[in-house]
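Structural description and commentary
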Amino acid sequence: MIYFDNSATTKPYEEVLDTYLKVNRDFYGNASSLHNFGGRAEGLISKAREQIANLIGVKTSEIIFTSGGTEGNNLAIKGVALKYRGRGNHIITTSIEHPSVLEPCRQLEQMGFDVTYLPVNSEGIVSVDDVEAALTENTILVSTIHVNNEIGSIQPINEIGQLLSRYSKVIYHIDHIQGAGKIPLDLYGNSVDLCTFSAHKFHGLKGSGFLYKNQGVRLDPQVTGGNQEQKIRSGTENTGGIVAMAKALRMELLAQKEKGNTLQQISEFLFYELMKLPQIIIHSPRNGAPHIVNFSVIGHKGEVIVHALEEEGIIVSTTSACSSKENTPSSTLLALGVNEDIAKSAVRVSLSYENTMDEAQQFMKALHEVLERLNKVMRRKK
Ligand SMILES: Cc1ncc(COP(=O)(O)O)c(C=O)c1O
């Protein structure tokens, strides 16, 4: 099998699985317990927190463990809105966010908050001038995706961060879930206050993630109970998942150094080969993230291509995993100005450092064959 659906989820690294198993077998105590056995689990979590903080260049106390990206985004957005509502009720985001950002924003609108959804250009990039123009004296939060999960466009985090550093009352949150280990991000240098990560996107395990929270920012807790994670996120810590996540992040950042060029070459090969096919329209920008290539095959639904490729042993997806079964055109593609029919024909190839050029060549060969077959069937129907 050739696995090209890494933006939906990645295959856990073998070492990550070993770590998870070992921690759960040998250190299954509750990290909050009084006894030393629980204390060992707490020690492992502290070490993982320190490793993660070092890897992303922030303080240990600024890491809040969560169950993943959806929870991290909910905590950041609702946590800020509810904590700072006395300061203002305006939130700015973009029209191409993941549902785990859009839905909390819609929920907040029902509660009386005012949300601006900024448009993007045809390459899926928001304008910094639009962000500035949207700021009002009531703005408390700006939340932008870093790397878009469907097309791989990269938002100008640096410029938005610089702009917002002049507005001390505005908190800046980034959804970095697709960027982690792929596109470098200097959190302090770009004045980012909150940043969401999810382990299963970098070969860690589903159900673990973390939120970077600058020490100056306060959050209204969204999951309350036993007061774990600085009283911001209650619930018995997922010791195995957390320790495995620290390992996965370290391995992913190492892979970025060692295999970053290869990933770029594979991406360029795919762009080049796909562009040769007159039936294909590429939606991903050329200067986007190297691991995502989104394109439409004119005349065929995306799901037909996905199933036909699966028969050839190649796993790709239509849009994002969470909306791919809804049979609605991708809202990200519509926001780029792509028409509905073309948007329904979209296919997303998403790579990891585990993929090879040989796999990309096999993919192109299979795609040619699939298209030839499907075109023949279509001609016969006409
Ligand atoms: C950009 C982005 N944000 C948030 C999420 C949600 O993360 P999780 O699956 O860990 O809940 C995803 C997952 O696809 C994503 O791609």
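For clarity, every value in this text was computed on a predicted model and none was experimentally measured. (Residues numbered from 1 in each chain as written. Predicted model: local features only at pLDDT ≥ 70, side-chain atom pairs only at ≥ 80, totals over all residues. Heavy atoms only, no water.)

**With respect to the packing of helix α7 (residues 239-275) against helix α11 (residues 357-381)**
Two elements in contact, α7 and α11, have axes whose closest approach is 9 Å; the angle formed by their N-to-C orientations is 20°. In this view, α7 runs roughly parallel relative to α11, as classed from their interaxial angle. Here α7 and α11 pass one another in a crossing that is right-handed. Listed contacts from α11 to Gln-265, Ile-266, Phe-269, Leu-270, Glu-273 and Leu-274 of α7 are Met-357, Ala-360, Gln-361, Phe-363, Met-364 and Leu-367. Of the residues contributing to the contact of α7 with α11, the split by class is nine nonpolar, two polar and one charged. (Axes fitted to C-alpha atoms, helices over the stretch in contact; angles between N-to-C directions. Helix = DSSP H or I, 4+ residues; strand = E, 2+ residues; numbered from the N terminus. Parallel < 35°, antiparallel > 145°, perpendicular 65-115°, else oblique. Left-handed = near helix turned anticlockwise from the far one by under 90°. Contact = heavy atoms within 4.5 Å. Nonpolar A, V, L, I, M, F, W, Y, C, P; charged D, E, K, R; others polar.)

**What about the site of the ligand?**
Around the ligand, a shell composed of 14 residues is seen, among which Thr-70, Asp-175, Gln-178, Ser-198 and Lys-201 lie nearest. Contact between the ligand and Asp-175: a nitrogen atom at 2.7 Å from a side-chain N or O atom of the residue. At a separation of 2.6 Å, an oxygen atom of the ligand approaches a polar side-chain atom of Ser-198. Within the complex, 87% of the 390 Å² of free accessible area of the ligand lies under protein. Considering each element in turn, the shell around the ligand owes the most residues, three residues, to helix α3 (residues 69-83). For the shell around the ligand, the per-class residue count stands at two nonpolar, ten polar and two charged. (Near = heavy atom within 4 Å. Polar contact = N/O pair within 3.5 Å; in protein donor to acceptor, adjacent residues only side chain to side chain. Areas by Shrake-Rupley, 256 points an atom, 1.4 Å probe, with all protein chains shown as cover.)

**A word on the packing of helix α1 (residues 14-26) against α7**
One way to put it is that α1 packs onto α7 with a least axis distance of 8 Å and a crossing angle of 155°. Looking at the two axes, α1 sits roughly antiparallel to α7. Seen along the crossing, α1 lies across α7 with a hand that is right-handed. Taking contact as the criterion, the partners of Glu-15, Val-16, Thr-19, Tyr-20, Val-23 and Asn-24 in α1 are, on α7, Thr-239, Gly-240, Gly-241, Val-243, Ala-244, Lys-247, Ala-248 and Met-251. Looking at the contact of α1 with α7 residue by residue, the class counts come to seven nonpolar, five polar and two charged.

**Structural notes on the domain arrangement of the protein**
Looking at the assigned domains, one finds that the protein contains domain 1 (2-6 + 259-381) and domain 2 (14-251). A straight line from the C-alpha centre of domain 1 to that of domain 2 covers 29 Å. Taken residue by residue, the interface counts 24 residues in domain 1 and 22 residues in domain 2. Of all residues in domain 1, Pro-285, Thr-332 and Leu-336 give up the largest surface area on contact with domain 2, accounting jointly for 27% of the area buried on that side. Across the domain 1-domain 2 interface, the total number found is zero salt bridges. The interface formed by domain 1 and domain 2 includes eight residue pairs in polar contact (both at pLDDT 80 or more). Breaking the side of domain 1 that touches domain 2 down by element, the ones donating at least two residues are β10 (292-297) and α9 (331-335). (Domains from an automatic or database assignment. Buried area = accessible area lost by both parts, 1.4 Å probe. Salt bridge = Lys/Arg side-chain N within 4 Å of Asp/Glu carboxyl O.)

**Thoughts on empty space enclosed by the protein**
Tallied over the full model, the rule gives one cavity of 30 Å³ or more. In this structure, the largest cavity occupies an estimated 50 Å³ of space. Partitioned by chemical class, the residues of the lining of the largest cavity number three nonpolar, four polar and two charged. In terms of domain composition, the lining of the largest cavity takes at least three residues from each of domain 1 (2-6 + 259-381) and domain 2 (14-251). (1 Å grid on protein atoms, 1.4 Å probe; cavity = no way out; pocket = protein on both sides within 12 Å on 5 of 7 lines; lining within 4 Å. Points joined across faces, edges and corners; volume = space filled by probe spheres on them.)

**Section: the nonpolar core**
Membership of the largest hydrophobic core comes to 85 residues, with the highest contact counts inside it found for Leu-270, Phe-295, Phe-363 and Leu-367. Among the elements that take part in this core, α7 stands out by supplying 14 residues, more than any other. A domain split of this core shows at least three residues from each of domain 1 (2-6 + 259-381) and domain 2 (14-251). What Phe-363 contacts, discounting residues up to four positions off in sequence, is Phe-4, Leu-270, Phe-295, Leu-309, Ile-314, Val-316 and Val-349. Formed by 21 residues, the second largest nonpolar core is a distinct cluster that contains Ala-76, Leu-141, Leu-194 and Leu-211. (Core = buried A, V, L, I, M, F, W, Y, C linked by side-chain atoms within 4.5 Å. Buried < 20%, exposed > 50% of the residue type's maximum accessible area, 1.4 Å probe, protein only.)

**Concerning the sheet that holds β10**
The three strands are arranged β9-β10-β12 in an open sheet whose pairing can be described as antiparallel. This sheet does not close on itself; its edge strands, each paired only once, are β9 (280-282) and β12 (346-350). Neighbour-to-neighbour, the strand axes of this sheet turn through a mean angle of 30°, independent of strand direction. Two elements, β10 and β12, share five bridges in a ladder whose sense is antiparallel. Within β12, the position partnered with Ser-296 by the bridge is Ala-346. Against the sheet, α11 touches β9, β10 and β12, its axis set at about 15° to β10. (Pairing = 2+ DSSP bridges.)

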